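Each chain, letter by letter, is given below.
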Amino acid sequence: MRWRMGRRSTNVEDRRGMRIGGRGAAGGGLGLIIILVIAVLLGADPVKLLNDISSTGVDQSSYYEQPPVSEEDQQLADFVSVVLADTEDTWTEIFTQYNGTYREPTLVLFTGAVESACGYAQSAVGPFYCPGDQKVYIDLDFYRDLKNRYQAPGDFAQAYVIAHEVGHHVQNLMGISDQVYQARQRASQADANRLSVLQELQADCFAGVWAHNANKARQILEEGDIEEGLNAASSIGDDRLQKQSQGRVTPDSFTHGSSAQRVRWFKKGLETGDVEACNTFEAKSL
Ligand SMILES: [Zn+2]
């Protein structure tokens with residue numbers, strides 16, 4: 001994938017190395033309030049006091065340690081930033097065609113575990129999108145898994161992962177996530193899973209729509225990229241993952257779709273570049 005010349009996004013939030021709920025021992029929160037109350041009772045000017053505290057750094061509420069970032073991870077973070085920026089440009093243009101406004105999501109880089117509006121999550125869940133705060137969360141370690149454990153190497157495979165999560169953001173902006181959420185509340189477990197599959201396959205299709213349009217505008221694709229993306233879609237299909245983890249496949253519990261389905265919908269977006277081709281919810285077959 002040709003990406004090095006690409007624009008970097010300003011919507012990357014780097015929380016790598018951050019401790020969860022890491023309130024500084026030095027103060028902040030309740031401690032700071034108590035100090036303030038006592039000081040004001042003793043006759044201090046609260047505004048001046050707050051300024052003093054700020055300037056001495058006592059009120060740092062998010063104390064964290066930043067371990068040195070490896071060259072490889074720095075490059076990965078750079079790559080992710082370019083892919084995110086490209087999805088911003090591409091989706092802004094598509095939304096404009098439909099007289100809409102694309103609100104850019106934030107992408108959070110984290111290590112180990114993270115706190116989101118959707119709750120606490122560990123890296124093991126994989127990259128995810130939280131509609132509540134409109135942020136995409138990714139631990140770059142996932143890319144090592146993608147390459148080694150899921151046998152899906154390549155930069156375009158990595159881009160597909162981001163584009164899929166951004167696809168969920170697009171669904172959120174379109175009101176689709178909300179509709180699916182409502183429908184799932186009333187559905188049986190099997191139906192709820194089926195709805196989830198439809199939502200995931202649509203996000204795959206949207207990832208393809210991004211790639212198609214980005215390539216048309218900026219010629220990002222190189223020889224072998226398409227295969228990398230399709231291979232990634234296939235390698236993280238539910239059937240493949242289930243077989244790996246439990247040795248058998250139970251389609252009712254699928255929440256993302258089979259490998260073949262994921263490949264088909266990613267391809268559909270990739271070939272058409274058309275959002276309307278991604279209506280998995282109305283499709284006669286998946
Ligand atoms: Zn997904």
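Residues numbered from 1 in each chain as written. Predicted model: local features only at pLDDT ≥ 70, side-chain atom pairs only at ≥ 80, totals over all residues. Heavy atoms only, no water.

S.K.: Go over helix 5 (residues 155-173), please, and point to the residues and values.
M.R.: For helix 5, with 19 residues, the first-to-last C-alpha span of 27 Å sits near the 27 Å given by 1.5 Å per residue. Helix 5 sits mainly inside the fold: 17 of its 19 residues count as buried. Looking one or two residues past helix 5, G175 carries a phi angle of roughly 85 degrees, positive in sign. (Helix = DSSP H or I, 4+ residues; strand = E, 2+ residues; numbered from the N terminus. Expected span 1.5 Å × (residues − 1). Buried < 20%, exposed > 50% of the residue type's maximum accessible area, 1.4 Å probe, protein only.)

S.K.: Outline the side chain of K135, listing residues and values.
M.R.: Considering the arrangement of structural elements, one finds K135 in strand 6 (residues 135-138). Overall, the relative accessible area of 18% leaves K135 in the buried class. Apart from residues no more than four positions distant in its own chain, K135 is found in contact with E13, R15, T106, V108, F128, Y129 and C130. (Contact = heavy atoms within 4.5 Å.)

S.K.: Tell me about the pairing of strand 3 (residues 113-116), residues and numbers included.
M.R.: The sheet contact formed by strand 3 and strand 4 (residues 119-122) spans four bridges and is antiparallel. Bridge assignment links E115 to a residue of strand 4, and that residue is Y120. Connecting strand 3 to the next strand, strand 4, in antiparallel fashion are two residues. (Pairing = 2+ DSSP bridges.)

S.K.: I'd love a proper account of the sheet that holds strand 5 (residues 128-130), names of residues and values included.
M.R.: Strand order in the open sheet formed by four strands is 1-2-6-5, and the pairing between neighbours is mixed. Since the sheet does not close on itself, it has two edges, and those belong to strand 1 (12-15) and strand 5, each with one partner. Taken pair by pair, the neighbouring strands of this sheet meet at an average axis angle of 25 degrees, ignoring direction. Pairing between strand 2 (residues 106-110) and strand 6: four bridges, direction parallel. Following the sheet pairing, T106 is matched in strand 6 by K135. Against the sheet, helix 5 makes contact with strand 2, strand 5 and strand 6, and its axis sits at roughly 20 degrees relative to strand 5, the strand it touches most. (Axes fitted to C-alpha atoms, helices over the stretch in contact; angles between N-to-C directions.)

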